[in-house]
Amino acid sequence: MTQGLQELGRFAEPSLYILVSLSERPKHGYAIMADVETISGSPMGPGTLYGALARLERRGLIEALEPEDRRRPYRLTGLGETTLAAQLEQLSAFARVGLSRLQGGLDEPADQPLPAALAGPVRR
Amino acid sequence: MSRLISLYPRPWRDRYEDEFRLISLYPRPWRDRYEDEFRVLISGRQPSTRERLDIVRGAIDARLHPQVPGAPRDADRFGFAALAGLAAFVAALVIAANGPVHSDAYGTYRDGSAAVPVMMVATFLLSISVFRVVMQLPTTAIVGQSAGVLACVVLLFWPLMFWVMPVGVVVLVSVMLLAVSAHRPGIWPMWLSGAMVAVLTIPAGLMAVLAVLPWYTARELNLNMLILVGPMAAIWLLVGIGLLRGVPRRPAP
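Residues numbered from 1 in each chain as written. Chains lettered and ligands numbered in written order. Predicted model: local features only at pLDDT ≥ 70, side-chain atom pairs only at ≥ 80, totals over all residues.

## Quick look at the overall build of chain A
Where we set the bar: Secondary structure elements follow DSSP: runs of H or I of four or more residues count as helices, runs of E of two or more count as strands, with numbering from the N terminus. Here a residue counts as buried when 20 or more other C-beta atoms sit within 10 Å of its C-beta, as exposed when there are 12 or fewer, and as partly exposed otherwise, the C-beta atoms being derived from the backbone. Once C-beta atoms have been placed from the backbone, residue pairs whose C-beta atoms lie within 7 Å are recorded as contacts.
The secondary structure content of chain A amounts to 4 helices and 2 strands. Out of the 124 residues in chain A, the part that is buried amounts to 32%. Relative to all contacts within chain A whose residues are 6 or more apart in sequence, the contacts with residues 24 or more apart total 52%.

## A short note on the interface of chain B and chain A
Note the cut-off: Each residue gets one label: Ala, Val, Leu, Ile, Met, Phe, Trp, Tyr, Cys and Pro are nonpolar, Asp, Glu, Lys and Arg are charged, and the others, such as Gly, are polar.
Each partner contributes to the interface: chain B provides 20 residues, whereas chain A provides 16 residues. Looking at the side of chain B that touches chain A, the elements with two or more residues in it are helix H3 (28-43) and helix H4 (49-64) of chain B. No other element matches H4 of chain B, which puts 9 residues into the side of chain B that touches chain A. Residues that form the side of chain B that touches chain A fall into these classes: 9 nonpolar, 4 polar and 7 charged.

## Focus: unusual backbone geometry
Residue and element names in this part refer to chain A. Located in the positive-phi region is Asp69, a residue other than glycine, with phi close to 55°. Position of Asp69 among the secondary structure elements: in the loop between strand E1 (62-64) and strand E2 (74-76). Here the phi dihedral of Arg70 falls at roughly 70°; this positive angle occurs in a residue that is not glycine. Note on placement: Arg70 falls in the loop between E1 and E2.

## Quick word on the nonpolar core
For the record, the criterion: We define the nonpolar core as any set of buried residues of the types Ala, Val, Leu, Ile, Met, Phe, Trp, Tyr and Cys, connected via C-beta atoms lying within 7 Å of each other.
Core analysis: the biggest nonpolar cluster contains 51 residues, and Ala82, Ala92, Leu126, Val130, Val175, Leu178 and Val239 of chain B have the highest contact counts within it. Secondary structure elements with two or more residues in this core: helix H5 (78-97), helix H6 (116-136), helix H7 (142-157), helix H8 (165-183), helix H9 (190-212) and helix H12 (233-245) of chain B. A total of 10 residues in this core trace back to one element, the largest contributor, which is H8 of chain B. Apart from the residues lying within four places of it in its own chain, the contact partners of Val239 of chain B are Ala82, Leu126, Ser129, Val130 and Val133 of chain B. With 33 residues, the next largest nonpolar core counts Ala54 and Leu84 of chain A together with Trp30 and Ala59 of chain B among its residues.

## Side note on the packing of H6 of chain B against H7 of chain B
Residues and elements named next belong to chain B. Cut-off, in case you're wondering: Axes here mean lines fitted to C-alpha atoms, for a helix over just the part in contact, with angles spanning 0 to 180 degrees between N-to-C directions. An angle below 35 degrees is read as roughly parallel, one above 145 as roughly antiparallel, one from 65 to 115 as roughly perpendicular, and any other as oblique. Put simply, a crossing is left-handed when the front helix is turned counterclockwise from the back one by less than a right angle, and right-handed when it is turned clockwise.
At a minimum axis separation of 8 Å, H6 and H7 run at an interaxial angle of 165°. On the basis of their axis angle, the class for H6 and H7 is roughly antiparallel. Handedness of the H6/H7 crossing: left-handed. In this structure, H6 uses Thr123, Phe124, Leu126, Ser127, Val130, Phe131, Val133 and Val134 to contact H7, whose residues at the interface are Gln145, Gly148, Val149, Ala151, Cys152, Leu155 and Leu156. The class makeup of the residues in the contact of H6 with H7 is 11 nonpolar, 4 polar and no charged.

Structure below.
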């Protein structure tokens, strides 16, 4: 079963960046921050990072590994990989719809629904 | 952890301890789980103002939307003894406030001695409750344990010397030290220990001032004793709440 990230409220976007960062390999907090800044172009604060990490860990999307020199790496779980893949698919579909409409694509149906991840209620 | 920080050179501590203090804003279960790695994260760089605000915002979020469950706690039913003591203390105040009025060479005063037996019950119940808090402290909390035991003993005799101000100062300061010691290992939350210290500071200060004044001068101040002793009801109430909240259950070996 895929768990959406929309229920994470303001932590949904940082959580997605973290999942993408961890999809490469396990990383500790500092490495995740640096990688997210590279991916997104804007820095992620320590409070936001750990707010998102705590939520992802609680939902079983990531798991902590044994600490290395007081730095604890995190890695994606199977559920995390599935969730990330589903989120990226939804974003990709959304991007396709948006680009198609921008280019005046007449082949897109007018009542094309938005992906569920972009239309659901926001909870924490 | 603070001992580990002291190993760093002074310029480093000056630069980063401010950020480390912000971590104390996070709730205890969060700190138990993430504090070590969070410290490493922010010690590797100098956080900007925006990042400091982000840490504070994260702490508020961690309190409003806790993601790390706290350890299960075992409530101590002796908290009810403290609350019963609170009822006795209030009863003692009512009795004292309605005692007979006497006059002497210095003027008139209200004789509250009828309240002494009820007050003894109240302080006895508080004494055993305070002792329960002492028993919850770790063996390393020597200051807290000493202050707590001192409070237990003095409380038993306090009603007999209620107007001897230095005794009251000893009781109140001991209880405040005990409250601070109970916070350090996570037995009492910050708000509970902070409330105890905040509420007792004024009565303790007033008692300390009255203790150094000649007794007739103190009497001429015509201080309303309810202002002095009323806030002390907080001792029974907060000790009772602390015991009923319980202590974190130790994991099975």
